[in-house]
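Structural characterization, general
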Amino acid sequence: QVQLVESGGGLVQPGGSLRLSCAASGFRFELYVMQWYRQAPGKERELVADIGRFGTTINYADSVKGRSTISRDNYKNTVYLQMNCLKPEDTAVYYCKAPGVWTTGGVKDYWGKGTLVTVSS
């Protein structure tokens, strides 16, 4: 079955960095766009970044542009989000999403369970 497992979250001071990872399994990872979302307390989930199949088409939310880098390794079936110059407002649960994945059960979006990032001094 399709699984997405995020890791790399934690407590970091303002100005620090973190690298999030999302390990995928159960589908042809290299065929799909991958996305990172986040949800801060009391707020709606928002798209942070996405990356095309070959890693050449990349988009960022304005809130993280210039401070974050999304990348993928199609051999390791893993997508990454490097976040630098972290701010308290980056505090959120970060989710990995694989949209529109085809399986024998049909086409659906898959989500990981998330990893918590807390930016605080």
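Above this text sits the structure in question.
Worth saying up front: this structure is predicted, and the values here are computed from it rather than measured.

This part takes up the pairing of strand β5 (residues 46–51). Sheet topology places strand β4 (residues 34–39) next to β5; five bridges connect them, and they run antiparallel. Residue pairing in the sheet places Q35 in a bridge with D50 of β5. A loop of six residues connects β4 with β5, the two strands running antiparallel in sequence, and G42 in this loop sits at a positive phi of about 75 degrees. Taken together, the three bridges between β5 and strand β6 (residues 58–60) define a ladder with antiparallel strand orientation. Paired with A49 across the bridge in β6 is Y60. Once β5 ends, the chain turns through six residues before running back antiparallel as β6, passing G55 with a positive phi of about 80 degrees.

So, how was this worked out
Residues numbered from 1 in each chain as written. Predicted model: local features only at pLDDT ≥ 70, side-chain atom pairs only at ≥ 80, totals over all residues. Heavy atoms only, no water. Pairing = 2+ DSSP bridges. Helix = DSSP H or I, 4+ residues; strand = E, 2+ residues; numbered from the N terminus.

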